[in-house]
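Descriptive structure summary
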Amino acid sequence: MSRPLHRLSGGRLSGGSHDSFDSHLKDKSDKEDINRRSFDSQMKDKTEKEDCNKSHSSSHPAYLSLKFPAGLLDNPSSKPGFNENGFSSDSLKTLNSRSRQKLVLLLLKCSLVLIVILALLGSFWWTISISTSSRSNLVHGYRRLQEQLISDLLDIGELSRGSTRLKELEFCSSEYENHVPCFNVSNNLLFGYSDGDEYSRHCMPGYRQNCLLLPPVNYRVPLRWPTGRDVIWVANVKITAQEVLSSGSLTKRMMMLEEEQISFRSASLMFDGVEDYSHQIAEMIGLRNESNLIQAGVRTILDIGCGYGSFGAHLFSKEILTMCIANYEASGSQVQLTLERGLPAMIGSVTSKQLPYPSLSFDMVHCARCGIDWDKKDGIFLIEVDRVLRPGGYFVWTSPITTVQNSLRNKENQKKWNFIRTFAENICWNMLSQQDETVLWKKTTKKKCYTSRRPGAGPSLCSKGHDVETPYYRPLQTCLGGTQSRRWIPIESRTTWPSRARMNSTDLQLHALHSDDLGEDTMNWNIAVRNYWSLLSPLIFSDHPKRPGDEDPSPPFNMLRNVLDMNAHFGGFNAALLEAGKSVWVMNVVPTSGPNFLPLILDRGFVGVLHDWCEAFPSYPRTYDMVHANGLLSVENGKKRSCTMLDFFTEIDRLLRPEGWVILRDTSPLIESARALATHLKWDARVVDVESSSDERLLICQKPFFKKQTN
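Residues numbered from 1 in each chain as written. Predicted model: local features only at pLDDT ≥ 70, side-chain atom pairs only at ≥ 80, totals over all residues. Heavy atoms only, no water.

Secondary structure assignment for the chain yields 23 helices and 17 strands. Looking at the chain residue by residue over its 711 residues, the buried ones come to 49%. Restricting to contacts in the chain with at least 6 residues of sequence separation, those with at least 24 account for 71%. Entry remark: accessible area of the chain is about 35500 Å², with carbon and sulfur atoms responsible for 54%. (Helix = DSSP H or I, 4+ residues; strand = E, 2+ residues; numbered from the N terminus. Buried < 20%, exposed > 50% of the residue type's maximum accessible area, 1.4 Å probe, protein only. Contact = heavy atoms within 4.5 Å. Areas by Shrake-Rupley, 256 points an atom, 1.4 Å probe, with all protein chains shown as cover.)

Below you can see the structure in the form of structure tokens.
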């Protein structure tokens, strides 16, 4: 079948370059001439020719692969059209171009797949190398890079600010020496507050003073505990001799004014001592003495109008913790003197708003001539006492109007006394005993008492929507709160102190916690407190080798007394300090911007309060030896707040005593920002690494003792 094979040659090859094919091409030319002359007559052989074409194509692939390119190269000027075989030359060019494109795409795809495979292999090798290397070194190096970046940014900021850089804060004028923001009785009266609300806190716009408060002229560092419990420097507080002598409270009168000191003694020639008074209360409960109050379930006491804290000072030796609350006083403040003695206290008023404590928080509420008219406003103040009192808890009231002789002589007092007794009965309080001016009630432990009352007798129970467990200065309510709480447990059924601080699994279930949660928290804080003390001890002794009351410095177990924990969480810092044998008490603050663990803290036998740190804390200046905050900067930084970090730090400075300490624990960037602010407050500051694998750092600061110059 040579004929069909030769007829399918469709291109021309140059003769000079293909000598080996001369004879073959000659035969081919002759046959092509014959084909052209007889083209029309041989159309009937079309099918046969096409079959021959297929046969030729399959049997000479190499020949065609050379023939098409050769024809295209030898005849570049040929016009487009059909060749003698019926194929278009343009079609051949398009086909060749597409083949090349497909080849290029195929090569690109193969290259991409190869790159991906290499990348995956490299990543896998890197992961293996990381797992076998020291990860702590990597994290440590990463943190160092962060610190260097922050340092560089701060340097750039300092250079860019130039003369406008932030300067150290100035000192406030002398009128702010004992300033307590948000408490201004005269201004509150001008704004129309009355009926006791003028003593409440009102944080109005523009109340902040971003300046540093200087201590009084003759201010001295407080004496160490327990000496400082009984003796304070008179220049450290704002009080006059007349206020000392004219004090009306029983516990206020247990004090003597000496040359430069105020001495508080439990024994007094005018009155039976506070020890006898405490012993009397224990006997009224049915106990042998006040040392047995712990066994009766009494650990925490709310002391309303506490005088100067002598009742709580005495009970502290019995491991009973007393929280003093009293109205703001510009001079002769009960709260200021109590805190100066190293005892728990804060500004608060039962007659204006609900206290920032959870329902069912205290084992006893005490009022010794506290100046509150419990019969006013249909007994609404007693309803607030009932809210914070635990089931089975005690309300102790000492007042002249409770005696029969005074009631008979004064009809008005008799009317008040009758109302209070009836109202107490209607809210299910049982009057256990009355001796002289002191009356003691016990709150019911059974909820059915409320449902068994006759219709219309006493206030109703709060609905679940109104029974807020931890209100934050809400208006006083006329219904009985706490009855909806899962924490309705009689004080006799609770674990006694000190086991209460550790809490068993049943107690933790009430707070939706597991024993492992508290156990891990306790272990971490025990380690942290040991580290804190190892850092503070050399600093304390290097700066202050001797303090008033000590000839030779002893281990700093009593260098601190009043501690403020600004973000208490579970109260682990408080528990660790007690476990380490430190003679301190801690004000456990739970920020309103975070989760509310205040009920847990109070159930552990500690004291605490709910607070918004964009507002001033309800305390006087220079009342805490140490301020501690773990993670608070992160909590506040993640919220949209109406205050700045400078406001936050100036408030810490106001609360801190001269030579007092600040310990902040947070992430490295926030600690670096805090260190910059500490220098503006004139604090001595240093940053300490927590551990190599942690991104957290410690900022330890001390407030210098700037003495006010006499005019």
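Turning our eyes to something else, we now look at a nonpolar patch on the surface. Residues Val113, Leu114, Ile117, Leu118 and Leu121 make up a contiguous nonpolar surface patch of roughly 480 Å² in combined accessible area. Looking at the secondary structure, you find Leu118 in helix 5 (residues 89–132). (Patch = residues over 30% accessible without salt bridge, like charges linked within 9 Å, V, L, I, M, F, W, Y side chains within 5 Å. Salt bridge = Lys/Arg side-chain N within 4 Å of Asp/Glu carboxyl O.)

Considering all chains together, one arrives at 10 cavities of 30 Å³ or more under this definition. Roughly 210 Å³ of volume is contained in the largest cavity. Lining the largest cavity are 17 residues, with Pro181, Arg208, Gln209, Thr650 and Glu651 sitting closest to its centre. For the lining of the largest cavity, the per-class residue count stands at 8 nonpolar, 4 polar and 5 charged. (1 Å grid on protein atoms, 1.4 Å probe; cavity = no way out; pocket = protein on both sides within 12 Å on 5 of 7 lines; lining within 4 Å. Points joined across faces, edges and corners; volume = space filled by probe spheres on them. Nonpolar A, V, L, I, M, F, W, Y, C, P; charged D, E, K, R; others polar.)

On to the side chain of Thr438. Looking at the element boundaries, Thr438 is found in strand 10 (residues 438–443). There is a polar contact of 2.9 Å between the side chain of Thr438 and the side chain of Thr398. Contacts of Thr438, omitting those with residues within four sequence positions, involve Tyr277, Gln280, Met284, Val396, Trp397, Thr398, Thr402 and Ser433. (Polar contact = N/O pair within 3.5 Å; in protein donor to acceptor, adjacent residues only side chain to side chain.)

Any residue range with low pLDDT should be treated as having predicted coordinates unsuitable for detailed reading. Residues at a pLDDT of 70 or more form 72% of the chain, whose mean pLDDT is 79. Between residues 1–26, whose pLDDT stays under 50, and residues either more than four places distant or in other chains, the model counts 40 contacts. A low-confidence stretch, residues 46–89 stays under pLDDT 50, and its non-local contacts, those more than four residues away or across chains, total 45 contacts. (pLDDT = per-residue confidence, 0-100.)

Another aspect to go through is helix 22 (residues 645–655). In terms of burial, helix 22 is largely enclosed, as 10 of its 11 residues are buried. Along helix 22, the residues classified as buried are Leu646, Asp647, Phe648, Phe649, Thr650, Glu651, Ile652, Asp653, Arg654 and Leu655. For helix 22, the elements touching its buried residues are strand 11 (562–565), strand 14 (624–630), helix 21 (632–637), strand 15 (656–667) and helix 23 (668–680).

In this section: the sheet that holds strand 12 (residues 585–591). Spatially, 7 strands are ordered 13-12-11-14-15-17-16 in an open sheet, and the strand pairing comes out mixed. In this open sheet, the two strands that pair with only one neighbour each are strand 13 (607–611) and strand 16 (684–689). If you compare each strand with its neighbour and ignore which way they point, the axes differ by 20 degrees on average. Note: strand 15 against strand 17 (residues 696–702), 7 bridges, orientation antiparallel. Residue pairing for strand 17: Leu664 is matched across the bridge by Leu699. Strands in contact with helix 22 are strand 11, strand 14 and strand 15; relative to strand 15, the strand with the most contacts, it is inclined by about 145 degrees. Of the strands in this sheet, strand 15, strand 16 and strand 17 touch helix 23, which is tilted by about 155 degrees from strand 15. (Pairing = 2+ DSSP bridges. Axes fitted to C-alpha atoms, helices over the stretch in contact; angles between N-to-C directions.)

Right, let's get into the environment of Ile383. By secondary structure assignment, the location of Ile383 is in helix 13 (residues 380–388). Put simply, Ile383 and Gly481 are 98 residues apart on the chain and 8.1 Å apart in space, counted from C-alpha to C-alpha. Sequence-distant contacts of Ile383, that is, excluding residues within four places in its chain, are made with Phe423, Pro459, Gln477, Thr478, Cys479 and Leu480.

With that settled, the discussion passes to the state of the cysteines. Throughout the structure, instances matching the rule amount to 7 disulfides. One disulfide bridge connects Cys428 with Cys449, the sulfur atoms lying 2.1 Å from each other. Disulfide Cys428 to Cys449: torsion about the S-S bond roughly -100 degrees, handedness left-handed. Here Cys428 is found in the loop between helix 15 (411–426) and strand 9 (429–435), whereas its partner Cys449 is found in helix 16 (residues 448–451), with 21 residues between them in sequence. Assessed through its relative accessible area of 5%, Cys428 is described here as buried. Look at Cys449 and you get partly exposed, because its relative accessible area is 24%. Shown here is the disulfide that connects Cys614 with Cys643, its sulfur atoms set 2.0 Å apart. (Disulfide = S-S within 2.5 Å.)

Now for the pattern of salt bridges. Scanning the entire structure with this criterion turns up 23 salt bridges. With a closest N to O distance of 2.8 Å, Glu651 and Arg654 form a salt bridge. Here Glu651 and its partner Arg654 are both found in helix 22, 3 residues apart, which amounts to about one turn of the helix. Side by side, Glu651 and Arg654 carry an identical accessibility label, which is buried. Arg697 serves as the salt-bridge partner of Asp689, at 3.2 Å between the closest nitrogen and oxygen. Under the relative-accessibility criterion, Asp689 is labelled partly exposed at 30%. A single salt-bridge network, built from bridges that share partners, covers Asp363, Arg390, Glu469, Arg487, Arg494, Arg500 and Asp603.

Spatial ordering of the open sheet is given by 6-5-4-7-8-10-9, a layout of 7 strands whose pairing is mixed. Two strands lie at the open edges of the sheet, namely strand 6 (345–347) and strand 9, each paired on one side alone. For this sheet, the mean inter-axis angle between neighbouring strands, taken without regard to orientation, is 20 degrees. This element, helix 13, spans strand 4 (300–304), strand 7 (362–368), strand 8 (389–398), strand 9 and strand 10 of the sheet and lies at about 135 degrees to strand 8.

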